[in-house]
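Secondary and tertiary structure notes
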Amino acid sequence: MKGAMVSVATGVMNSLLDKLTTLLGKEFSWLHNEVKHDIAFLRDELSCMNALLEKLTDMEVLDPQMKEWRNQVREMAYDIEDCIDDSFMHQQRPGGIMGFFHDYVQKVKELLGHHGIAQQIKELKGRIVEASHRRKRYKLDTQVDPGTTNVLSIDPRLPALYVESSELIGIDVPRDHLINLLGDGEQSLKVISIVGLGGLGKTTLANEAYKRISGQFNCQAFVSVSQKPDVNKILRSILSQIKNRDKANTEPKDVEWLIDALRDLLKDKRYFIVIDDIWDTQAWKTIKCGLPGNTCGSRILVTTRIATIAKSCCSPHHGTVYELRPLSEADSMSLFFKRIFGSEDLCPANLKDVAVEIIKKCGGLPLAIVTMASLMSTKSVRREEWVSVCNSIGLGLQSYNVEGMERILSLSYCDLPYHLKTCLLYLSMYPEDHEIDMCQLVRRWIAEGFIKAKSGRNSVDEGKCYFNELINRSLIQPVGFGLDGQATACRVHDMILDLIVSKAVEENFISSVGDQMHTLISQGKVRRLSVDYRGQEVAMSRSSMISSHVRSLGIFGYSEKMLPISNFRALRMLDLESSARLQNCYLHNIGDLFQLRYLRVAASGVTHLPEQIGELQFLETLDLCRTWIRKLPPSIVKLQRLNFLSVNGSQLPDGVGNMQSLEELSGLSVYNECSINSLQELGSLMNLRTLRLTWHISDSRNDRTAYTDILASSLGKLVGSSLRCLRIIRGHGSVDIPFDSWPSPPHLLRELDIPGCCFQMIPEWMASMANLSTLHLRVKQVTQEILHVLGDLRALLDLELRSEAADGPMEMLVVCNNRFRCLKIFRLYGQIMGLIFEAGATPQLERFSIEIRARQAQSAFADHPDLGIHHLTSLRDLNVWIDCEGARIEEVEMLEAAITDATNLLPNHPTPRLYRV
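All values reported here derive from a predicted model rather than from experimental measurement.

Time to look at the overall build of the chain. Summing up its helical and strand segments, the chain has 26 helices and 27 strands in all. Summarising the internal contacts of the chain: among those between residues at least 6 apart in sequence, 62% fall at separations of at least 24. Entry remark: accessible area of the chain is about 37500 Å², with carbon and sulfur atoms responsible for 49%.

Structure representation (structure tokens):
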């Protein structure tokens, strides 16, 4: 049997083979001989069929007989697993797990003695025998060419490659033209519309202009609309960006409230709003209600594929329609060769003419060029291989034929290893233009059985490699990058989404309901279901047929006609991204979903979980961070397989030490009601890699020292074990935690975020944290010595220092040459005299924020009135809060002018944001 990963063609085959193998293991040596023989037969026959099915995944076109046989085997595998789960696992729910539950062995023995179970297995055996006979009759094996699937290594340059190829080639001229249109000096509101074919790079162009000039406006926002817009979400996104707040913290309001709030906020502000991917005028009219006309020189930039909508957006606002054209031949060649070889000069001579032919067939569409370049980068430099791909493209794109584009995208899809095909098709579970969080997606893949750890990586790290490889192949678009250069989320381009939706339905892999563009329900048994209740009313017909075999359910929005979750007893994955209208009662029967591996509830109306949650003994991921659950049910600690728990301020439960599989624990709070035992048990979670909690133990408690000492002791055990990320938020009025009492240095920590706990001096062990990349810290006073110690941490990428009010005299701080070699983000807040950067310090710094006193501008900054900012050659974003207390207006203006002049000398020309306080 090959590696245990699920392919599209089998759907569930390898997961089933694992279970059949388990039933034949030592734990089940008591099985009746006849039943055991039949199970062994099932496993051996299915293993042989699986080998053929995996070969079929590499074939783009299948003979009708072969396709029918594949479909029948796939559905048969689903049915066999359902039979095993219903007949074996259902009897084992209350006990602990090891393979299957030992506590209920006797009950299973009695169950197997019943005629019904033995008869079901014999019927399934008969189906397998018939499938095997058909395989021989149709001579299917002779129709499959032998070959191997190339599993590609991960390209570590993928973020830089993607950004570089999409931003730099052929974009300078249209970007500069667009910026000129936006900055023409007109003081009334102006709307510019970019119109062009899908895949031309409208969003990329708008984003480039936005990054270049948004700093010149008082307020700015960038939002996507898509074919099925959620206007409430769009308006909330604009409001949250303008108010510089986290989107997740923007409480839901109705559309009218949001429009009024936006108009009131923007009426006298110079704003710049990008509204990307508009498909109908009604959405534009509603959004536009929140964007008032004024005489401040405000600008709105719109992108659309439809010319009439582009004109409609512009017409009353002195607007301009900018038609984006395909790339020139020279730019097309530059983009293609840069993606693969680094430059055209590095292309092997024997491939040059073939490459030029491929480029011509892409028709100047950046999406097609990047997709084809990503595909060809996986090929060898053998001319025959390139010619074969070139001949298979056809000539569709030369006339902007959509079928031609689909042909190019299909080539990249067919070139994927079978496990990546599965992971890509799974993205059709999400609506169009949905921002897909990487961590959530990887955990869903794991729950589905698509990922198995290998090569020394755990399943989460392996899943991230899959995610990165899909980006590297340009099949998904990265959204936001972490400090390590890795994408934190993605979107799926409309054209690629159309492709994978059609293939997912063809394979009976996923069925979708509710999206006007992608409402497709399989005629057979539905295995994975995505329901979008936003917008028009969704009618769920044939409800019993749809729900009884569904193993994955994703729900977006809310409807009073939602099917109850008790209908979906075969579920392994449940994701509810709803609204405040979804209430606690919808989860009352959650305990019936005994096979559930993944549960995410994103609905602010949910305030508690039923006690039945403890019965979900297979649950691995529980994500409640977008609910208002403040107290978890006591049964939560029975979830001994749970390795990811994320909540929103829920109290740390008693008995947490029972949850030994936990690897990530986020959003918990320690209140005055919390028991000391729970804090002690926290220190026993030796597999914990991430801990994020809020500390609410009052400074007025008589026993506060006992709490702080026990928490510090537990944290000391965790950082000495597996902990990689620690974040402690200290609530108002809470007692400090003695972190400096840890018995050994936390050498493995990569992130330490404890800004609410004040240090007199930083602990000695901090100098030895060689792996630390993120540090957020509060100290009594930031000193030169502290900067020297932290400046030597070679892995440090993100530093935030907060300084308390100083008792004695303050000193001028200097970031010396060769310090903070990798630092990208630096925030320095609180009571400091000032900070000066020497030449050679922080060479990678991109974002810098600081509070300084203008009163010291004349004396302290005499030699460096610009703080040495002109040395920060990588700086892209600068925020300066100027304390004007006791300073003359001339001193403030002099400091502002010096900082502005310094940034003008930098290569990136960042526009500083200067705030007087």
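Attention now goes to the environment of Glu75. As for its placement among the helices and strands, Glu75 is situated in helix H3 (residues 64-87). Judged by its relative accessible area of 15%, Glu75 falls in the buried class. The residues touching Glu75, leaving out its near neighbours within four places in the chain, are Arg127, Asn508, Lys525 and Arg527.

In this section: the sheet that holds strand E4 (residues 299-304). Taken together, 5 strands build an open sheet; the order of strands is E2-E3-E4-E1-E5 and the sheet is parallel. In this open sheet, the two strands that pair with only one neighbour each are strand E2 (219-226) and strand E5 (320-323). In this sheet, adjacent strand axes meet at a mean angle of 15 degrees when their direction is disregarded. Inspection of the sheet shows E2 paired to strand E3 (residues 271-278) by 7 bridges, in the parallel sense. Of the residues in E3, the one forming a bridge with Ser226 is Ile278. Of the strands in this sheet, strand E1 (190-195), E3, E4 and E5 are in contact with helix H12 (residues 307-314), which crosses E1 at around 170 degrees.

A word on the sheet that holds strand E6 (residues 436-437). Strand order in the open sheet made by the 3 strands is E6-E8-E7, with antiparallel pairing throughout. The two strands at the open ends of the sheet, each matched to only one other strand, are E6 and strand E7 (477-478). With 2 bridges joining them, E6 and strand E8 (residues 489-491) adopt antiparallel strand pairing. Across the sheet, Ile436 pairs through a bridge with Cys490, a residue of E8.

This next bit is on the pattern of salt bridges. Evaluated as defined, the whole model comprises 35 salt bridges. The salt bridge involving Arg527 is made with Asp79; its shortest N-O contact spans 3.1 Å. Of this pair, Arg527 sits in the loop between strand E9 (511-513) and strand E10 (528-532) while Asp79 sits in helix H3, and the two are 448 residues apart along the sequence. For the pair shown, Arg527 and Asp79 are each scored as buried. Arg569 is paired through a salt bridge with Asp592; the nearest N and O atoms lie 3.8 Å apart. Here the residue Arg569 occupies a position in the loop between strand E11 (552-556) and strand E12 (573-577), and Asp592 occupies one in the loop between E12 and strand E13 (598-602), the gap between them amounting to 23 residues. Residue Arg569 is classed as partly exposed on the basis of its relative accessible area, which comes to 45%. What makes Asp592 buried here is its relative accessible area of 18%. What you see here is one network of salt bridges that share partners, running through Asp172, Arg175, Asp176, Glu208 and Lys211.

Attention shifts here to the pairing of E4. For E4, the tally of buried residues reaches 6 of 6 residues, placing the bulk of the element in the interior. Of the two faces of E4, the one holding Arg299, Leu301 and Thr303 and the one holding Ile300, Val302 and Thr304 are both buried throughout. As judged from the 6 bridges shared by E1 and E4, these two strands associate in the parallel manner. By the bridge assignment, Val191 is partnered in E4 with Ile300. In the classification by handedness, the crossover that spans E3, the intervening helix H11 (residues 281-289) and the parallel E4 is right-handed.

Take empty space enclosed by the protein next. Counted by the stated rule, this structure contains 5 cavities of 30 Å³ or more. One number sums up the size of the second largest cavity: a volume of about 50 Å³. Along its surface, the second largest cavity is lined by 10 residues, and Leu20, Ile39, Leu42, Ile84 and Ile121 are the ones closest to its centre. Here the lining of the second largest cavity takes 3 residues from H3, the largest share from any one element. Considered class by class, the residues forming the lining of the second largest cavity number 10 nonpolar, no polar and no charged.

Moving on, we come to the packing of helix H19 (residues 438-448) against helix H20 (residues 459-472). Two elements in contact, H19 and H20, have axes whose closest approach is 9 Å; the angle formed by their N-to-C orientations is 115 degrees. One way to sum up the angle between H19 and H20 is to call them roughly perpendicular. The two elements H19 and H20 cross, and the hand of that crossing is right-handed. For the pair H19 and H20, the contacting residues are Met438, Leu441, Val442, Arg443, Trp445 and Ile446 in the first and Ser459, Val460, Gly463, Lys464, Tyr466, Phe467 and Leu470 in the second. When its residues are assigned to classes, the contact of H19 with H20 shows 9 nonpolar, 2 polar and 2 charged.

It is worth spelling out unusual backbone geometry at this point. A positive phi angle is found at Asp277, which is not glycine, with a value near 70 degrees. Looking at the element boundaries, Asp277 is found in strand E3. With phi around 75 degrees, Asn818 is a residue other than glycine that occupies positive phi space. Mapping Asn818 onto the fold places it in the loop between strand E22 (813-815) and strand E23 (825-830). For Asn818, a relative accessible area of 36% puts it in the partly exposed group.

Glancing now at helix H21 (residues 494-506). Here H21 is 13 residues long and its end C-alpha atoms lie 18 Å apart, about the 18 Å a rise of 1.5 Å per residue gives. Two residues or fewer after H21 comes Asn508, characterised by a positive phi angle close to 50 degrees.

Attention shifts here to the side chain of Ser666. Secondary-structure assignment places Ser666 in strand E16 (residues 664-670). At a separation of 3.3 Å, a polar atom in the side chain of Ser666 contacts the side chain of Glu664. With near-sequence residues (within four places) excluded, Ser666 lies in contact with Leu645, Ser646, Val647, Thr690 and Arg692.

Taken as a whole, this structure holds 15 aromatic pairs when the rule is applied. Chaining the aromatic ring pairs together yields one cluster made of Tyr210, Phe217, Phe222 and Phe272. Stacked on the ring of Tyr413, the Lys or Arg Lys421 has its end atom at 5.9 Å from the ring centre. Lying across the ring of Phe618, Arg597 places its NZ or CZ 4.7 Å from the centre.

On to the confidence of the model for the chain, then. Residues at a pLDDT of 70 or more form 83% of the chain, whose mean pLDDT is 81. With pLDDT under 50 throughout, residues 1-10 is counted as low confidence; its partners more than four residues away or in other chains account for 45 contacts. Here residues 246-250 is modelled with pLDDT under 50, and outside its nearest four sequence neighbours on either side it reaches 6 contacts, counting other chains as well.

Attention now moves to the side chain of Lys202. Following the sequence through the fold, Lys202 ends up in helix H8 (residues 202-213). Buried charge without a salt bridge: Lys202, with Asp277 as the nearest opposite-charge side chain at an N-O distance of 6.1 Å. Setting aside chain neighbours within four positions, we find Lys202 in contact with Ile194, Val195, Gly196, Leu197, Thr303, Thr304, Arg305 and Leu324.

For the rest of this paragraph, the subject is H20. Taking 1.5 Å per residue, 14 residues should reach 20 Å; H20 reaches 20 Å between its end C-alpha atoms and fits that length. For H20, the tally of buried residues reaches 11 of 14 residues, placing the bulk of the element in the interior. For H20, the complete set of buried residues consists of Val460, Glu462, Gly463, Cys465, Tyr466, Phe467, Asn468, Glu469, Leu470, Ile471 and Asn472. Its side-chain oxygen at 3.2 Å from the backbone nitrogen of Val460, Asn458 defines the N-terminal cap of H20. Note on H20: the residue one or two positions beyond its end, Ser474, has a positive phi of about 60 degrees.

Reading the values: the criteria
Residues numbered from 1 in each chain as written. Predicted model: local features only at pLDDT ≥ 70, side-chain atom pairs only at ≥ 80, totals over all residues. Heavy atoms only, no water. Helix = DSSP H or I, 4+ residues; strand = E, 2+ residues; numbered from the N terminus. Contact = heavy atoms within 4.5 Å. Areas by Shrake-Rupley, 256 points an atom, 1.4 Å probe, with all protein chains shown as cover. Buried < 20%, exposed > 50% of the residue type's maximum accessible area, 1.4 Å probe, protein only. Pairing = 2+ DSSP bridges. Axes fitted to C-alpha atoms, helices over the stretch in contact; angles between N-to-C directions. Salt bridge = Lys/Arg side-chain N within 4 Å of Asp/Glu carboxyl O. Right-handed = clockwise from strand over helix to strand, strands pointing away. 1 Å grid on protein atoms, 1.4 Å probe; cavity = no way out; pocket = protein on both sides within 12 Å on 5 of 7 lines; lining within 4 Å. Points joined across faces, edges and corners; volume = space filled by probe spheres on them. Nonpolar A, V, L, I, M, F, W, Y, C, P; charged D, E, K, R; others polar. Parallel < 35°, antiparallel > 145°, perpendicular 65-115°, else oblique. Left-handed = near helix turned anticlockwise from the far one by under 90°. Expected span 1.5 Å × (residues − 1). Polar contact = N/O pair within 3.5 Å; in protein donor to acceptor, adjacent residues only side chain to side chain. Phe/Tyr/Trp six-rings, centres within 6.5 Å; stacked < 30°, edge-to-face > 60°. Lys NZ or Arg CZ within 6 Å of the ring centre and 35° of its normal. pLDDT = per-residue confidence, 0-100. Lys, Arg positive; Asp, Glu negative; His and termini not counted.

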